[in-house]
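Chain by chain, the residues run as shown.
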Amino acid sequence: MLGCAVGKLNLYTACGGINPDRCLPITVDVGTNTQTLIDDPYYTGLKQPRVRGEKYMQFMEEVLIGLHEHFPGVLIQFEDFGNTTAFELLEKYRNRICTFNDDIQGTASVTLAGLLSATRMKGTKLKDELFLFSGAGEAGTGIADLIVEELVAEGMPKDEAKKRCWLGDSKGLFVP
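Below is a summary of the structure that appears in this document. (Residues numbered from 1 in each chain as written. Predicted model: local features only at pLDDT ≥ 70, side-chain atom pairs only at ≥ 80, totals over all residues. Heavy atoms only, no water.)

## Regarding the overall build of the protein chain
Then, number 1: Helices and strands together make up the secondary structure of the protein chain, namely seven helices and five strands.
Then, number 2: Considering only C-alpha atoms, the protein chain reaches an extent of 55 × 40 × 30 Å along its principal axes.
Then, number 3: Sorting the 176 residues of the protein chain into buried and exposed places 29% on the buried side.
Then, number 4: Counting 18 positive and 24 negative side-chain charges, the protein chain places the averaged centre of each group 4 Å from the other. (Helix = DSSP H or I, 4+ residues; strand = E, 2+ residues; numbered from the N terminus. Buried < 20%, exposed > 50% of the residue type's maximum accessible area, 1.4 Å probe, protein only. Lys, Arg positive; Asp, Glu negative; His and termini not counted. Charge placed at Lys NZ, Arg CZ, Asp CG, Glu CD.)

## Re the side chain of Thr 32
Then, number 1: In this fold, Thr 32 is placed in the loop between helix 1 (2-16) and helix 2 (35-39).
Then, number 2: In terms of polar contacts, Thr 32 uses its side chain to reach the backbone amide nitrogen of Thr 34, at 3.1 Å.
Then, number 3: When residues no more than four places from it in sequence are discounted, the contact partners of Thr 32 are Leu 37, Ile 38, Tyr 43, Leu 46, Gln 48, Pro 49 and Arg 50. (Polar contact = N/O pair within 3.5 Å; in protein donor to acceptor, adjacent residues only side chain to side chain. Contact = heavy atoms within 4.5 Å.)

## Here's the deal with the side chain of Asp 102
Then, number 1: The residue Asp 102 is located in helix 5 (residues 102-122) in this model.
Then, number 2: According to the relative accessible area criterion, Asp 102 is buried, its value standing at 16%.
Then, number 3: The residues contacting Asp 102, other than those within four sequence positions of it, are Lys 8, Gln 77, Phe 78, Glu 79 and Thr 107.

## Focus: helix 4 (residues 86-93)
Then, number 1: For helix 4, every residue scored as buried is listed here: Ala 86, Leu 89, Leu 90 and Tyr 93. With its buried residues spanning 100 degrees around the axis, helix 4 presents them on a single face. (Arc of directions from axis to C-beta.)

## Notes on the packing of helix 5 against helix 6 (residues 138-153)
Then, number 1: At a closest axis distance of 8 Å, the pairing of helix 5 and helix 6 adopts a crossing angle of 50 degrees. In terms of orientation, helix 5 and helix 6 fall into the oblique class. Seen along the crossing, helix 5 lies across helix 6 with a hand that is right-handed. When helix 5 is examined against helix 6, the residues Asp 103, Ile 104, Thr 107, Ala 108, Ser 109, Thr 111, Leu 112, Leu 115 and Leu 116 are found in contact with a partner set consisting of Glu 138, Ala 139, Gly 142, Ile 143, Leu 146, Ile 147 and Glu 150.
Then, number 2: A class-by-class count of the residues in the contact of helix 5 with helix 6 yields nine nonpolar, four polar and three charged. (Axes fitted to C-alpha atoms, helices over the stretch in contact; angles between N-to-C directions. Parallel < 35°, antiparallel > 145°, perpendicular 65-115°, else oblique. Left-handed = near helix turned anticlockwise from the far one by under 90°. Nonpolar A, V, L, I, M, F, W, Y, C, P; charged D, E, K, R; others polar.)

## Structural notes on the sheet that holds strand 5 (residues 172-174)
Then, number 1: Strand order in the open sheet formed by three strands is 3-4-5, and the pairing between neighbours is mixed. A single partner strand is all that each edge strand has here, and the edge strands are strand 3 (131-134) and strand 5. For this sheet, the mean angle separating the axes of adjacent strands, direction not counted, is 25 degrees.
Then, number 2: As judged from the four bridges shared by strand 3 and strand 4 (residues 165-169), these two strands associate in the parallel manner. Bridge assignment links Leu 132 to a residue of strand 4, and that residue is Trp 166.
Then, number 3: Helix-sheet contacts for helix 6 involve strand 3 and strand 4, and the interaxial angle to strand 4 is about 175 degrees. (Pairing = 2+ DSSP bridges.)

## Side note on the environment of Ala 153
Then, number 1: With respect to the helices and strands, the residue Ala 153 is situated in helix 6.
Then, number 2: Here Ala 153 falls in the exposed class, since its relative accessible area comes to 65%.
Then, number 3: Along the sequence, Ala 153 and Val 110 sit 43 residues apart, while their C-alpha atoms lie 18 Å from each other.

## Quick look at the packing of aromatic side chains
Then, number 1: All told, the structure shown has one aromatic pair when counted by the stated rule.
Then, number 2: The ring of Tyr 56 carries the charged tip of Arg 52 above its face, separated from the ring centre by 5.7 Å. (Phe/Tyr/Trp six-rings, centres within 6.5 Å; stacked < 30°, edge-to-face > 60°. Lys NZ or Arg CZ within 6 Å of the ring centre and 35° of its normal.)

## Some points on the environment of Gly 82
Then, number 1: Considering the arrangement of structural elements, one finds Gly 82 in the loop between strand 1 (75-78) and helix 4.
Then, number 2: You can call Gly 82 partly exposed: its relative accessible area is 35%.
Then, number 3: Remark: the alpha-carbon pair of Gly 82 and Gly 123, spanning 41 residues in sequence, is separated by 38 Å.

Okay, here's the thing in structure tokens:
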């Protein structure tokens, strides 16, 4: 997973002009629930069942507060955190530490920008559209949430804005 973090930092450097000396990729390994990996002698990750629940949240508190104290003003980007914890971590640290989840917030902001450009080109408004998402994971849910926020900012009541976004996955359609 460190390769993914390094790859993102390469994008920040190449596309955003961020000095690579200002970036520190880290991987937080809390185990795996894949038995074949645990049994694999070449697997370099933590060979134990994945830590979850309160123990996981306490560990992440220690990591995030430690980073925040050691590097004041740090921006911590969560990458590839599962949706079982991604939204909870963002909400918990929203007003305490500068955090960003690329899968939720990055994808959502780029998608909303594209939708706003498309509606401008069509001569319509975002409020005139209905959105159906194939997938209700971090990215789909993050996009839907941001569309709702934008519709509310444009004056639409939140309940009505939520009715403009429909999410579905392998288990079926989630009704707003």
